[in-house]
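# Results of the structural survey
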Amino acid sequence: MIGDNLVLTVVVYGLILLVLGLGLGYRSQIAKFFGEVKSELAKCTWPWDPEQTGLRKYKMLIDSTVIVCITALLLAGYTTGFDFVITNLISGLTKLVVRI
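Before going further, it helps to spend a moment on the overall build of the protein. When helices and strands are tallied, the protein shows three helices and zero strands. Mapped in sequence order, the helices and strands of the protein form the string α-α-α. At 27 Å, the protein has a C-alpha radius of gyration far larger than the 13 Å of a compact globule built from 100 residues. Projected onto the principal axes, the alpha-carbon positions of the protein cover approximately 70 × 55 × 30 Å. A total of 100 residues make up the protein; the buried ones form 1% of that total.

Put into structure tokens, the structure is as follows:
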């Protein structure tokens, strides 16, 4: 029993059985999917040299992460600024129209 609640216990176990049943029904598609994922990951080039050690090993990864963070902050600033300008413009126009 889950928390002395029979309904919750039945629902949880029912969902578990449903997921297991669907997993068995789509077993070949799931196996095919994971096989394709494995083959695609084998084709990837990873952003570090396996022979390097320490932080130098992850220099490209760290640099890329910093660039992504800076770009996200710039995009957030641009979006916020644009939203501020448009909100004030619409608010001003609304007040102007209400006065007329």
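The next thing to look at is the packing of helix α1 (residues 6-25) against helix α2 (residues 27-43). The contact between α1 and α2 brings their axes to 4 Å, and the two run at 75°. Compared by their axis directions, α1 and α2 come out roughly perpendicular. The residues of α2 that touch α1, namely those facing Gly23, Leu24 and Gly25, are Arg27, Gln29 and Ile30. Counted by class, the contact of α1 with α2 contains two nonpolar, three polar and one charged residues.

For the coordinates displayed, the defined rule picks out two salt bridges. Note that Asp63 is salt-bridged to Lys59, the shortest N-O span being 2.9 Å. Of this pair, Asp63 and Lys59 both sit in helix α3 (residues 59-99), four residues apart, which is roughly one turn of the helix. Look at Asp63 and you get partly exposed, because its relative accessible area is 37%. Judged by relative accessible area, Lys59 falls into the partly exposed class, the value being 49%.

With that out of the way, let us pick up a nonpolar patch on the surface. There is a patch of nonpolar side chains on the surface, built from Val7, Val11, Leu15, Leu18, Leu22, Tyr26, Ile30, Phe33, Phe34, Val37, Leu41 and Trp46 and spanning about 1200 Å² of accessible area. For the nonpolar patch, the elements supplying multiple residues, two or more each, are α1 and α2. Its place among the elements puts Trp46 in the loop between α2 and α3.

Another aspect to go through is the confidence of the model for the protein. Here the protein averages 88 in pLDDT, while 97% of its residues score no lower than 70. By mean pLDDT, α1 is the weakest element of the protein at 88, and α3 is the strongest at 93.

Another aspect to go through is the packing of aromatic side chains. Counting across every chain of the model gives two aromatic pairs. On the basis of an interplanar angle of 70° and a centroid distance of 5.3 Å, the ring pair of Phe33 and Phe34 is categorised as edge-to-face. Relative accessible area serves as the criterion here: at 52%, Phe34 is assigned to the exposed category. Measuring from ring centre to ring centre gives 6.3 Å for Tyr78 and Phe82, while their planes differ by 15°; the resulting arrangement is stacked. In this pair, Tyr78 and Phe82 are both assigned in helix α3, four residues apart and thus about one turn of the helix distant.

About the cut-offs
Chains are numbered independently. Their residues run from 1 in the order of the written sequence. Local features are withheld for residues below a pLDDT of 70 in this predicted model, meaning they are given only at 70 or higher, and side-chain atom pairs are given and counted only at 80 or more; totals for whole chains, interfaces and linings count all residues. Working from all heavy atoms in the structure, the side-chain values ignore hydrogens and water. Here a strand is any run of E in DSSP of at least two residues, a helix any run of H or I of at least four, and the numbering for each starts at the N terminus. When we talk radius of gyration, it's over C-alpha atoms, and the globule rule is simply 2.2 Å times the number of residues to the 0.38. For each residue, the accessible area found with a 1.4 Å probe, counting protein chains only, is set against the maximum for its type, and the residue is called buried under 20%, exposed over 50%, and partly exposed in between. Interaxial angles span 0 to 180 degrees and are taken between N-to-C directions of axes, which are lines fitted to C-alpha atoms, for helices over the stretch in contact. Here roughly perpendicular refers to angles of 65 to 115 degrees, roughly parallel to angles under 35, roughly antiparallel to angles over 145, and oblique to all remaining angles. In what follows, a contact means two residues having at least one pair of non-hydrogen atoms within 4.5 Å. When residues are grouped by polarity, Ala, Val, Leu, Ile, Met, Phe, Trp, Tyr, Cys and Pro land in nonpolar, Asp, Glu, Lys and Arg in charged, and all others, Gly among them, in polar. Any Lys or Arg side-chain nitrogen found within 4 Å of a carboxyl oxygen on Asp or Glu counts as a salt bridge. Patch building starts from residues that exceed 30% relative accessible area and form no salt bridge, then joins like charges within 9 Å and nonpolar side chains (Val, Leu, Ile, Met, Phe, Trp, Tyr) within 5 Å. Values of accessible area rely on a 1.4 Å probe in the Shrake-Rupley scheme; residue burial ignores everything except the protein chains shown. pLDDT is a residue-level measure of predictor confidence that goes from 0 to 100. Only Phe, Tyr and Trp rings take part, Trp by its six-membered ring, and two of them pair if their centres are within 6.5 Å. Stacked means planes under 30 degrees apart, edge-to-face means over 60, and tilted covers everything else.

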